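Structural overview
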Amino acid sequence: QLQLVESGGGLVQPGGSLRLACAATGEALDDYAVGWFRQGPGKGAEAISCVSTSGDSTNYADSVKGRFTISRDNAKNVVFLQMSSLKPEDTAIYYCAARPDAACTLSPTTYIRWGRGTQVTVSS
């Protein structure tokens, strides 16, 4: 019943910033840990970040650590991904996904609900 919709993607120059949002409907998002994943052109899927149900723990891939920040607002049923110092290699379709567990993981196999994705293009 949970449905996820990503937003906030677009075209940005290298070094710029974007904030992605993952909005949930159908169920309370605070029952789910949430992760962000991406698929770049000619590349395989890559886990980016995840956040626990309460928001008290997070995890990041080495490729984005120090540049991206994940957060959540359970009262509004939304998870954010703040992206800064963007690089051309960050160009990808970004997906959010939810798993019915308090803890988060960067492994995609246990995420049971996925959004359709939002395109992020980093180019000069």
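These lines cover the structure that appears in this document, whether it is placed above or below. Computed from a prediction, not measured in an experiment: that's the story for all the values here.

Looking now at the pairing of strand S5 (residues 45-51). Most of S5 is tucked away: five of the seven residues are buried. As defined by bridge partners, strand S4 (residues 33-39) adjoins S5 across six bridges and the pair is classed as antiparallel. The residue of S5 that forms the bridge with phenylalanine 37 is alanine 47. Where S4 hands over to S5, the hairpin turn is made up of five residues, of which glycine 42 adopts a positive phi near 70°. Across three bridges, S5 lies against strand S6 (residues 58-60) in antiparallel orientation.

Residue placement: glycine 66 occurs in the loop between S6 and strand S7 (68-73). A C-alpha to C-alpha distance of 9.6 Å links glycine 66 and methionine 83, two positions 17 residues apart in sequence.

Note on placement: arginine 72 falls in strand S7. It turns out arginine 72 is buried and unbridged, and the closest side chain with the opposite charge, aspartate 30, is 6.6 Å from it. Of the polar contacts made by the side chain of arginine 72, one reaches the backbone oxygen of leucine 29; its length is 2.8 Å. In this structure the side chain of arginine 72 is engaged in a polar contact, spanning 3.3 Å, whose partner is the backbone oxygen of threonine 53.

Analysis parameters
Residues numbered from 1 in each chain as written. Predicted model: local features only at pLDDT ≥ 70, side-chain atom pairs only at ≥ 80, totals over all residues. Heavy atoms only, no water. Buried < 20%, exposed > 50% of the residue type's maximum accessible area, 1.4 Å probe, protein only. Helix = DSSP H or I, 4+ residues; strand = E, 2+ residues; numbered from the N terminus. Pairing = 2+ DSSP bridges. Lys, Arg positive; Asp, Glu negative; His and termini not counted. Salt bridge = Lys/Arg side-chain N within 4 Å of Asp/Glu carboxyl O. Polar contact = N/O pair within 3.5 Å; in protein donor to acceptor, adjacent residues only side chain to side chain.

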